[in-house]
Amino acid sequence: MRRILATAATEFRISLRNRWVTVAVAMMAVFALVLSAAGSAPTGALGADRLSVTVASLTSLAVYLVPLVALLMSFDGVAGEVERGTLPLLLTYPVTRPEILIGKLLAHVAVLTLAVGAGYAIAAVAAVTVDARAAQGLPALWRLMWSSLLLGAVFLCLGYALSALSRRPAGAAGLAIGLWLGMIVLYDLGLLAAVVADGGGWFTTDLFPWLLLANPADAFRLFNLAASEATAAAAGIAGAANAIPAHHALISILLWPLLALAAAVVAFRKVTP
Amino acid sequence: MTQSLILSTLTKTYQGVPALRDVSLSVAPGERVALLGHNGAGKSTMMKIILGLIGHDSGTVEVLGGAPGSAGAREGTAYLPENVAFHPALTGLEQMRHYLRLRGEPVGTAMDLLARVGLADAARRRIGTYSKGMRQRVGLAQALIGRPRLLVLDEPTSGLDPVSRRDFYELLDGLAAEGASILLSSHALTEVEARTDRLVILSGGVVVTQGALTDLRRQADLPVMLHVTPRDGARDDLAAALPQGRMNGTGVHLHCAQDDKLATLRRITGLGDMVSDIDVIPPSLEAIYSHFSRRDGQ
Ligand SMILES: Nc1ncnc2c1ncn2[C@@H]1O[C@H](COP(=O)(O)OP(=O)(O)OP(=O)(O)O)[C@@H](O)[C@H]1O
Ligand SMILES: [Mg+2]
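Residues numbered from 1 in each chain as written. Chains lettered and ligands numbered in written order. Predicted model: local features only at pLDDT ≥ 70, side-chain atom pairs only at ≥ 80, totals over all residues.

Under the annotation held in an unreviewed UniProt entry, chain B carries the name Cu-processing system ATP-binding protein and is attributed to Salinihabitans flavidus.

An unreviewed UniProt entry annotates chain A as Cu-processing system permease protein of Salinihabitans flavidus.

Across its full length, chain B holds 11 helices and 13 strands. By principal-axis analysis of the C-alpha atoms, chain B measures approximately 75 × 45 × 35 Å. Out of the 298 residues belonging to chain B, those deemed buried represent 41%. Once local pairs closer than 6 in sequence are excluded, the contacts in chain B between residues at least 24 apart make up 69%. (Helix = DSSP H or I, 4+ residues; strand = E, 2+ residues; numbered from the N terminus. Buried ≥ 20, exposed ≤ 12 C-beta atoms within 10 Å, placed from the backbone. Contact = placed C-beta atoms within 7 Å.)

Attention shifts here to the overall build of chain A. If you tally the helices and strands in chain A, you get 12 helices and zero strands. In chain A, the succession of α and β elements from N to C terminus is α-α-α-α-α-α-α-α-α-α-α-α. Relative to a compact globule of 273 residues, whose C-alpha radius of gyration would be 19 Å, chain A shows 20 Å and is just as compact. For chain A, the spread of C-alpha atoms along the three principal axes comes to 65 × 45 × 30 Å. Relative to its 273 residues, chain A shows a buried fraction of 47%. Long-range pairs, those at least 24 residues apart, make up 85% of the contacts in chain A between residues at least 6 apart in sequence. (Rg over C-alpha atoms; globule rule 2.2 N^0.38 Å.)

With that settled, the discussion passes to the site of ligand 1. Residue and element names in this part refer to chain B. Lining the immediate surroundings of ligand 1 are Y14, V17, A19, G37, N39, G40, A41, G42, K43, S44, T45 and E82. Taken together, the elements giving at least two residues each to the shell around ligand 1 come down to β2 (17-27) and α1 (43-50). When residues in the shell around ligand 1 are grouped by element, the largest group, three residues, is from α1. Per-class residue counts for the shell around ligand 1 are four nonpolar, six polar and two charged. (Near = placed C-beta within 6 Å. Nonpolar A, V, L, I, M, F, W, Y, C, P; charged D, E, K, R; others polar.)

Ranked by internal contacts, the top residues of the largest apolar core, which has 153 residues, are C157 and A264 of chain A together with V200 of chain B. For this core, the leading source of residues is helix α7 (residues 138-166) of chain A, giving 16 residues. Among the nonpolar cores identified, the runner-up in size contains eight residues, and L226, V228, V252 and M274 of chain B belong to it. (Core = buried A, V, L, I, M, F, W, Y, C linked by C-beta atoms within 7 Å.)

Moving on to the pairing of strand β6 (residues 150-154) of chain B. Within a regular beta strand, the side chains point alternately toward one face of the sheet and then the other, so they alternate between its two faces. Residue and element names in this part refer to chain B. Most of β6 sits inside the fold, with five of its five residues counted as buried. Both faces of β6 are covered, namely the face carrying L150, V152 and D154 and the face carrying L151 and L153. Taken together, the five bridges between β6 and strand β7 (residues 181-185) define a ladder with parallel strand orientation. When the sheet's bridge partners are listed, L153 is paired in β7 with L184. Taken together, β6, helix α6 (residues 162-177) and β7 constitute a β-α-β crossover, and its handedness is right-handed. (Pairing = 2+ DSSP bridges. Right-handed = clockwise from strand over helix to strand, strands pointing away.)

Residues and elements named next belong to chain B. Judged by pairing direction, the sheet is mixed, and its six strands sit side by side in the order β5-β6-β7-β3-β8-β9 without closing on themselves. Each end of this open sheet is capped by a strand with a single partner; those strands are β5 (77-80) and β9 (206-211). Adjacent strand axes in the sheet meet at a mean angle of 15 degrees, parallel and antiparallel pairs treated alike. Sheet contacts for helix α5 (residues 132-143): β5 and β6; angle to β5, the most-contacted strand, approximately 175 degrees. Of the strands in this sheet, β3 (32-37), β6 and β7 touch α6, which is tilted by about 145 degrees from β7. (Axes fitted to C-alpha atoms, helices over the stretch in contact; angles between N-to-C directions.)

Contacts between the two partners involve 20 residues from chain A, matched on the other side by 23 residues from chain B. Those elements that provide at least two residues to the side of chain A that touches chain B are α1 (2-17) and α5 (87-91) of chain A. Classifying every residue of the side of chain A that touches chain B gives nine nonpolar, six polar and five charged.

Glancing now at the sheet that holds strand β12 (residues 252-256) of chain B. Taking strand neighbours across the sheet as the criterion, the four strands line up as β11-β12-β10-β13 (chain B) in an open arrangement whose pairing is antiparallel. Every interior strand has two partners, whereas the edge strands, β11 (246-247) and β13 (275-281) of chain B, have only one.

Moving on: unusual backbone geometry. Leaving glycine aside, a negative phi is the common case for residues, and trans is the common case for peptide bonds. Residue and element names in this part refer to chain B. Positive phi, close to 40 degrees, is recorded for Q15, a residue that is not glycine. One can find Q15 in the loop between β1 (5-14) and β2. Unusually for a residue other than glycine, L64 sits at a positive phi of about 50 degrees. In this fold, L64 is placed in the loop between β4 (58-63) and α2 (71-76).

Residues and elements named next belong to chain A. Under the present numbering, the feature "transmembrane region" (unreviewed entry) in UniProt falls on residues 20-39, 51-75, 105-128, 140-162, 174-197 and 249-268. Measuring from the first to the last C-alpha atom of residues 51-75 gives 34 Å, for a span that is 96% helix and 0% strand. Secondary structure content for residues 105-128 is 100% helix and 0% strand, while the C-alpha to C-alpha distance between its ends is 33 Å. (UniProt positions renumbered as here; feature names shortened; annotations may be inferred.)

What follows is about the environment of D232 of chain B. By the secondary structure assignment, D232 of chain B is in the loop between β10 (224-230) and α9 (235-241). C-alpha of D232 of chain B to C-alpha of R116 of chain B: the two residues are 116 residues apart in sequence and 54 Å apart in space.

Attention now moves to the packing of helix α6 (residues 97-130) of chain A against helix α12 (residues 246-269) of chain A. Residue and element names in this part refer to chain A. Remark: α6 packs on α12, axes separated minimally by 10 Å, with the N-to-C direction vectors making an angle of 130 degrees. Classified by the interaxial angle, the pair formed by α6 and α12 is oblique. As for how α6 packs across α12, the hand of that crossing is right-handed. Touching R97, P98 and L101 of α6 are A264, V265, F268 and R269, all from α12. Classifying every residue of the contact of α6 with α12 gives five nonpolar, no polar and two charged. (Parallel < 35°, antiparallel > 145°, perpendicular 65-115°, else oblique. Left-handed = near helix turned anticlockwise from the far one by under 90°.)

A separate point is the domain arrangement of chain B. According to the domain assignment, chain B consists of domain 1 (5-218) and domain 2 (223-282). Once you take the C-alpha centre of each, domain 1 of chain B and domain 2 of chain B turn out to be 45 Å apart. (Domains from an automatic or database assignment.)

Turning next to the packing of helix α3 (residues 50-74) of chain A against α7 of chain A. All names here are of chain A. Packing of α3 against α7 brings their axes to within 8 Å, and their N-to-C directions diverge by 20 degrees. With respect to α7, the axis of α3 lies roughly parallel. Every pair of crossing elements has a handedness; the one defined by α3 and α7 is right-handed. Across the interface between the two elements, L51, S52, V55, L58, T59, A62, V66, P67, A70, L71, M73 and S74 of α3 pack against L138, A140, L141, L144, S148, L151, G152, F155, L156, G159, Y160 and S163 of α7. Its residues assigned to classes, the contact of α3 with α7 shows 17 nonpolar, seven polar and no charged.

What follows is the structure, encoded as structure tokens:
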């Protein structure tokens, strides 16, 4: 534990120095502001409070941004140490490889917490100032917050795994972009295409919900939208999967960080300094 | 006394390329052992195996009574890698504190350790701004953490200025006096000659010889060089009296085998008035080193 915390403290300091904290916070804040400004039309017709609507749009934003920021922070995690030549010395210290990874994970999750917290806080303040009923949406915002961090943790760990597999930062960056495109963009497009082609058959009813749950980003979206009153505001794929109970999605977003961490540890163990 | 480090018949091959063959070596507590050898001889490879960073093909390695890389071995072993590197965004002090925490040592000693290697003034600057020698000193400072029982130092003095080198060997003397075992590699023969107890010469992955310098000198049995300076005006007489030598500007130069040294000296002193001075030049460490290093390997 002591060694994990030491690693986390040092990694957090490095993130501060590298301006990662600034970049991540600024990015989330800017997007949250833009989103609040764009969504400031009257919502009376929907019947939902302002904050719940904001949470629905933040969910769609977070699905893209949180994995991206997480991968950007983590792709260098192992490959950077290999390239700088700091890994051999580190591995002769009485610290295990899982401890090193968990330390890095804690630091990067802390950075994500700052960024996501700042972004969501801005959006919440904007919602509360225009709609007195907005406090009703606070539980949804809280749920969005912690599930965003779990989603971030998944992609941080996947980033470490890719970093350990490629051993070179350039290669790891390429793999990270590929993973983001594949899991966040192409996966959903592929599913949509399949659903359309299937025309309401076995694929749509039986396999499709499981495929959604199998992807942490889709599970995250399902979990937040299913629980939200403002599902009507959500577009696209989530509408097709209303049948999936929220607790299935919850299990998926709780399991994924553990699986991803295990994958990262396995990949890191294969790295010979 | 039990040994801190025992290698026996250690063999390591990199994808079919042999790097170490049948290496046996042990280091006792308080002993300073220097590992010498040409580029690519296998020095760094041996050290990485000792630290458990890479595996080996056959033979056994015992580090502080445990397997290389085991928790116990790591607790008691300090390492200085060949090209030591740190994160450039951290200051020397932050980096040292991190290492102290990993070893469970009091963080407050970071400044003392940096001061011991002469980095007190630069401690609060980022390592990215350090010179090569300064980075090397951070590497030394971290190797001093927590009274290690075995220090494995890969070219510890590379990049250090002459004064820092001397200070470094003084630090080592102190550690060895407290019972630490030290295994270091170096290409600087003259410094290890005076500052270590035993030399191990590795050539092409094989230990070609090991022992104290005097033992190696005896084993190599290289000729001794004598330089005889004549008295004023006795130059030609001296040259005639010592035909096996070669006259140069200042006197006669001659070689003789170790065993003949005393007899030759006696003969020269017997020349009486002709001689004003004699210098006896033992074979240099470089000569002994190349004698062993060339025998196999290159
Ligand atoms: N990762 C590796 N893969 C393949 N071969 C390697 C690897 N590391 C070292 N070698 C080979 O093993 C041999 C020994 O290398 P090593 O680095 O141990 O030499 P060294 O004695 O430390 O040399 P130097 O004095 O230049 O530091 C060399 O022939 C080298 O090419
Ligand atoms: Mg080397």
